[in-house]
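One-letter residues, chain by chain:
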Amino acid sequence: MAGGKMRKEKPKASSRAPSNHYQGGISFHKSKGQHILKNPLLVDSIVQKAGIKSTDVILEIGPGTGNLTKKLLEAGKEVIAVELDSRMVLELQRRFQGTPYSNRLKVIQGDVLKTELPRFDICVANIPYQISSPLTFKLLFHPTSFRCAVIMYQREFAMRLVAQPGDNLYCRLSVNTQLYARVSHLLKVGKNNFRPPPKVDSSVVRIEPRRPGPQVNKKEWDGFLRVCFIRKNKTLGSIFKQKSVLSMLEKNYKTLQAVLASLQNNGDAALNTSMDLGDQSMGMEDDDNEMDDDDMEMDEGDGETSEFKEKVMTVLKEGGFEEKRSSKLSQQEFLYLLSLFNKSGIHFT
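First things first, this report covers the structure right here in the doc. (Residues numbered from 1 in each chain as written. Predicted model: local features only at pLDDT ≥ 70, side-chain atom pairs only at ≥ 80, totals over all residues. Heavy atoms only, no water.)

1. Quick word on the packing of helix α6 (residues 172-180) against helix α11 (residues 331-343)
Which entries qualify depends on this criterion: Note on geometry: axes are C-alpha line fits, over the in-contact stretch for helices, and angles between N-to-C directions span 0 to 180 degrees. Every helix listed is a DSSP run of H or I at least four residues long, and every strand listed is a run of E at least two residues long, numbered separately from the N terminus. Each angle is binned into one of four classes, with values under 35 degrees roughly parallel, values over 145 roughly antiparallel, values of 65 to 115 roughly perpendicular, and all other values oblique. In what follows, residue pairs with any heavy atoms lying within 4.5 Å of each other are defined as contacts.
Packing of α6 against α11 leaves a shortest axis separation of 10 Å and a crossing angle of 90°. One way to sum up the angle between α6 and α11 is to call them roughly perpendicular. Contacts between α6 and α11 pair V175, Q178 and L179 from the former with Q331, F334 and L335 from the latter.

Below you can see the structure in the form of structure tokens.
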């Protein structure tokens, strides 16, 4: 109180106010992964590290209001921007309308995970973090070749991508990604470089698809790694004694044997028989989850099952893998072990 007059207190902002931030009249929604790069020096650094050529067609995912888009247009031949939010699409069109860049920018409105991507030379993107994994593999399995992708990820996800055997973050994602691409960490990005700031720091990663690509069955490889990383710090001998693992592998084994027998008996007529062994392995737990210990050992009561268990253990012993752990195995060791299983007629999909 001053001069005998009571000052009215301003109402306190509600702690439950929506987490929307604004730029140019557009609100950004954290829940949708909308974190716009606001640091121009960082934008310049990302473009420089991408190594863009003047003849490049650049794919940008989640361009937002176009801060990175403008620099990409300056560096390359054409930018194809995929944006889900119709408000951002309109802002992009307004921003570049009537500029020398307008005829070199193509905006596709839609969900990038459901969009058929066109041919491009390089991908540069600050993506919504919740689509990190599916988007990474959508790019790696893109039917036309591209030189590289330079992508902003949540920092922990980025460090999983680049992790090496023995690292704490080494996991199925690390092995899978590095089979299909050379992956390198470019720079760490603090959360205050974004509007609105995310809760965690980020990192920019460079992904260069291997050419030619690896000669592996994608489903078989994925199913195999899912089993190996059920509990990445357990020995492989322990993992492959689990009831659920042996049951799935034995089912695949019997199905394959039945198909081979049919081929021998019926010749070409049996070639129409489906060789799809099902997708049982896709339901196995990932390396971040552990299975109960009572699932670890197979009941020895069934003689046929016990015989199959011995077959699996023989592969591990003869390859020298029984006491090894997935957290320490290299990509080449995983490939070698998978080949040993396959030679014994044991498959993972």
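Moving on, there is more to tell.
2. What about the packing of helix α4 (residues 132-140) against α6?
This is how it is decided: When the near helix sits turned anticlockwise from the far one by under a right angle, the crossing is termed left-handed; a clockwise turn instead gives a right-handed crossing. Under the grouping applied here, Gly and all other residues not named as nonpolar or charged are polar, the nonpolar ones being Ala, Val, Leu, Ile, Met, Phe, Trp, Tyr, Cys and Pro and the charged ones Asp, Glu, Lys and Arg.
Contact geometry for α4 and α6: axes closest at 10 Å, N-to-C directions at 20°. As judged from the angle between their axes, α4 and α6 are roughly parallel. For the pair α4 and α6, the crossing hand works out as left-handed. Residue-level contacts link S133, F137 and L140 of α4 to L173, N176, T177 and Y180 of α6. The residue inventory of the contact of α4 with α6, partitioned by class, reads four nonpolar, three polar and no charged.

3. Some details on the pattern of salt bridges
Short version of the rule: Take a side-chain nitrogen of Lys or Arg and a carboxyl oxygen of Asp or Glu: if they are within 4 Å of each other, that pair is a salt bridge. Burial classes follow relative accessibility: with a 1.4 Å probe on protein chains only, a residue under 20% of its type's maximum area counts as buried, one over 50% as exposed, and anything between as partly exposed.
Summed over the entire model, instances satisfying the criterion amount to 14 salt bridges. One salt bridge connects R206 with E208, and the closest N-O pair in it is separated by 3.3 Å. The exposure class assigned to R206 is buried, which follows from its relative accessible area of 16%. Classification of E208 as partly exposed rests on a relative accessible area of 26%. For R226, the salt bridge is made with D222, and the minimal N-O distance between the two is 2.7 Å. Remark: D222 and R226 occur in helix α7 (residues 218-228); sequence separation between them is four residues, near one turn of the helix. Overlapping salt bridges bring together D44, K70, K71 and E74 as one network.

4. Describing the pairing of strand β4 (residues 57-61)
Going by this rule: DSSP calls a pair of strands paired once it identifies at least 2 bridges connecting them.
Counting buried positions along β4 gives five out of five residues, so the element sits mostly inside the fold. Side chains V57, L59 and I61 project from β4 onto one buried face, and the interleaved I58 and E60 project onto a second face that is buried too. Here two bridges tie β4 to strand β7 (residues 122-126), and the two strands are oriented parallel to one another. Bridge pairing in β7 places I58 opposite I122.

5. Side note on the sheet that holds strand β8 (residues 148-154)
Judged by pairing direction, the sheet is mixed, and its seven strands sit side by side in the order β6-β5-β4-β7-β8-β11-β9 without closing on themselves. Bordering the open sheet on either side are β6 (105-109) and β9 (181-189), each of which pairs with just one other strand. Across this sheet, the average inter-strand angle for adjacent strands is 20°, counted without regard to direction. Packed onto the sheet, helix α3 (residues 86-96) meets β5 (78-83) and β6 and runs at close to 165° relative to β6.

6. Quick look at α7
Since the α-helix turns once every 3.6 residues, residues separated by three or four places project in the same direction. As a reminder, the rule being used: For the purposes of these results, a polar contact is taken to be a pair of N or O atoms within 3.5 Å, where, inside protein, one atom must be able to donate a hydrogen and its partner to accept one; residues adjacent in sequence count only when each atom of the pair is a side-chain atom.
Most of α7 sits out of view: nine of its 11 residues are buried. Buried residues of α7: E220, W221, D222, G223, F224, L225, R226, V227 and C228, and no others. Next to the buried residues of α7 lie α6, α8 (236-239), α9 (243-266) and α11. Near the N-terminus of α7, the side chain that reaches the backbone nitrogen of K219, with its oxygen 3.0 Å away, is that of N217.

7. Let's talk about empty space enclosed by the protein
Filter applied, for reference: Only protein atoms enter the calculation, which uses a 1 Å grid: trapped sets of points that fit a 1.4 Å probe without letting it out are cavities, open sets showing protein on both sides within 12 Å along at least five of seven lines are pockets, and any residue with an atom within 4 Å of a point is a lining residue. Grid points are joined across faces, edges and corners, and a volume is the space filled by probe spheres set on the points.
One pass over the structure, following the stated rule, counts one cavity of 30 Å³ or more. There is about 40 Å³ of room inside the largest cavity. If you trace the largest cavity, you find it lined by L37, I46, L68, V124, A125, N126, I151, M152 and V204. A total of three residues in the lining of the largest cavity trace back to one element, the largest contributor, which is β7. By residue class, the composition of the lining of the largest cavity is eight nonpolar, one polar and no charged.

No statement about biological role is implied by the geometric values presented.
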